[in-house]
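Chain and residue survey
Residue strings, one per chain:
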Amino acid sequence: MREIKKPAFMKEAEKTKSHSILGEMIIFIVLYIISIFVEAMALVPGLLVYGLLHPISAGIEQYNSLLQNRSQWVKVYMLFVEIFLIVLYTGYCKFIEKRSLSSMGFTKRNMSSLYAKGLGWSVALLGGAYLICILTGACHFEGVSAQFVPGYIAFYLIGYVIQGLAEEVICRGYLLVSLSRRNSVWYSVILSSGVFMAMHMSNEHVTVLAYINLFLCGLLFGLLFVESGSIWMVAALHSGWNFLQGNIFGISVSGTSKASSVFGSSFTDGWSFMNGGDFGLEGGLAVTIVLAVGIYVVYRRMDRNGMLVKRAQTGEESPDAGQTASMNAGRHMKIDTGIPKEQTYAESMNAAEKAASTEKTEQTADGGTAQSCEERGSFTQKTALNLDTLRDIEKQKEEAGVIVKEKPEEVSYPNQTVFDADYFQK
């Protein structure tokens, strides 16, 4: 598999202080624990308001039941709370690691068009998976849902815009780019995809196929992020995917309970391998198919755009490859004679003359010239070395076609030519 050429925004991140893989993962775990605490604290005001409006006599047990059952307003509220995660991770990158927001994919150029393309990707992928389930009989479309509440649909839409951006900032804008500072792009995409999969391990009804699909989601999102150089495209894809699945088609999103939706859908028993069962479409083979096609399309497009190169061309074979490349940048390549390629023939002649001039004989007191045998031998050896070097250069230039020597004229004699032997003996 060929390597992915690092885009400009990743090279920009390389200018900041990087960490080893272990260091990056430790920092991520610490930030993730902090983010869980931040989310928990952000829920408190909402629960207090709910308690004032709906007095709960049972105490903390009923609050726990409220969180576990996740009524509509709790789900929406938790989606809105993830805005604090965006602030946390972007704040860490900007103020602690001194990274620019553009290195996280926050670009102003073509922001609207890239967001629209991301939504288009979500319609194509999620719609394609849903269509596969319909055609195979694994899923049934039931028309307008009885749970359709326009107000909730609008709030869910805003909430998923926030939630999709938050998860992409965490896994792509922060983690993937941070890993790429010392590692190849492919390695960073794969490792961040594994982390993305692990973040959903606590979801209910998760299966082996669901884990595979979550990993493939991470791969596709990572490749699109690298290709576009924008967080907006993958954030739109993520948000659109969740909103379409949960609030348009009425299907569970990553194992969560069903929410208010425009349409209703039901799964056929015995077809969970295709429709994902209680986990939702993300746990079924239909999603595996569309994700595999999506990854192939992006990979081929990156190839056509020249973003895939041979591994040796990237200069990223090792974590310190960037430093090694910069150290070797100014070195001249040598030919067999030991003379730099950039050195011209005239410069070589001048160098030989200078070498010879440094061996000038010393003047004696009476004006005579005195030279020891040792000095003569040294001069002769160096002169011979320089002449041999020049001959080698001339030979190489002749072979390369730089110097073209005229061939001597050939003299032909009649077949019966008789030479006068006495003439040649004179």
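Residues numbered from 1 in each chain as written. Predicted model: local features only at pLDDT ≥ 70, side-chain atom pairs only at ≥ 80, totals over all residues. Heavy atoms only, no water.

Right, let's get into the environment of I153. Mapped onto the elements of the fold, I153 is located in helix α7 (residues 150-180). Residue I153 is classed as buried on the basis of its relative accessible area of 10%. Separated by 93 residues in sequence, I153 and G246 have C-alpha atoms that sit 9.9 Å apart. Leave out the neighbours within four places in its chain, and I153 touches F148, F243, N247, S260, S261 and V262. (Helix = DSSP H or I, 4+ residues; strand = E, 2+ residues; numbered from the N terminus. Buried < 20%, exposed > 50% of the residue type's maximum accessible area, 1.4 Å probe, protein only. Contact = heavy atoms within 4.5 Å.)

Okay, the nonpolar core next. The biggest cluster of nonpolar side chains holds 83 residues, and the ones touching the most others in it are Y174, L220 and V226. Considering every element that reaches this core, the biggest residue donor is α7, with 14 residues. Those residues in contact with V226 that sit more than four places away from it in its chain are I4, P7, F9, M10, L176, V185, V189, M302 and M307. (Core = buried A, V, L, I, M, F, W, Y, C linked by side-chain atoms within 4.5 Å.)

Moving on: unusual backbone geometry. Although it is not a glycine, N110 sits at a positive phi angle of roughly 55 degrees. Its place among the elements puts N110 in the loop between α5 (83-96) and α6 (111-136).

Looking now at helix α9 (residues 208-228). For α9, built from 21 residues, the straight-helix expectation of 30 Å at 1.5 Å per residue is met to within 8% by its first-to-last C-alpha distance of 30 Å. When you tally the buried positions in α9, you get 15 out of 21 residues, the bulk of the element. (Expected span 1.5 Å × (residues − 1).)

Here the focus is the confidence of the model for the chain. Within the chain, residue pLDDT values average 82, and 71% of them lie at 70 or more. The least confident element of the chain, judged by mean pLDDT, is helix α14 (residues 321-328) at 43; the most confident is α6 at 98. Below a pLDDT of 50 lies the segment residues 315-346, which in the model reaches 36 contacts outside its immediate sequence neighbourhood of four places, other chains included. (pLDDT = per-residue confidence, 0-100.)

Between its first and last C-alpha, helix α10 (residues 231-248) extends 24 Å over 18 residues, near the 26 Å set by a 1.5 Å rise per residue. Among the 18 residues that make up α10, 18 are buried, leaving the element largely enclosed by the rest of the structure. For α10, the N-terminal cap is S230; the gap from its side-chain oxygen to the backbone nitrogen of W232 is 3.1 Å. Backbone geometry just downstream of α10 places G250 in the positive-phi region, at approximately 70 degrees. (Polar contact = N/O pair within 3.5 Å; in protein donor to acceptor, adjacent residues only side chain to side chain.)

Each disulfide is one covalent bond, formed between the sulfur atoms of two cysteines. All told, the structure shown has zero disulfides when counted by the stated rule. Considering cysteine sulfurs only, C139 is the nearest to C133, which forms no disulfide, with 5.9 Å between them. Classification of C133 by relative accessible area gives buried; the value is 0%. (Disulfide = S-S within 2.5 Å.)

This paragraph deals with the packing of α7 against α10. Axis separation between α7 and α10 bottoms out at 8 Å; the angle between their running directions is 135 degrees. Accordingly, the angle class assigned to the pair α7 and α10 is oblique. Relative to α10, the crossing made by α7 is right-handed. Counted by class, the contact of α7 with α10 contains twelve nonpolar, seven polar and three charged residues. (Axes fitted to C-alpha atoms, helices over the stretch in contact; angles between N-to-C directions. Parallel < 35°, antiparallel > 145°, perpendicular 65-115°, else oblique. Left-handed = near helix turned anticlockwise from the far one by under 90°. Nonpolar A, V, L, I, M, F, W, Y, C, P; charged D, E, K, R; others polar.)

This paragraph deals with the pattern of salt bridges. Scanning all chains against the criterion turns up eight salt bridges. Two residues, E227 and R301, come together in a salt bridge whose shortest N-O distance is 2.7 Å. Taken together, the positions of E227 in helix α9 and R301 in helix α12 (residues 285-304) put the pair 74 residues apart, joining distant regions of the chain. What makes E227 buried here is its relative accessible area of 18%. Accessibility expressed as a relative area gives 25% for R301, which makes it partly exposed. Notably, a salt bridge pairs R300 with D303, separated by 3.5 Å at the nearest N-O pair. One end of the pair, R300, and the other, D303, are both in helix α12, three residues apart, so they sit about a helical turn from each other. (Salt bridge = Lys/Arg side-chain N within 4 Å of Asp/Glu carboxyl O.)

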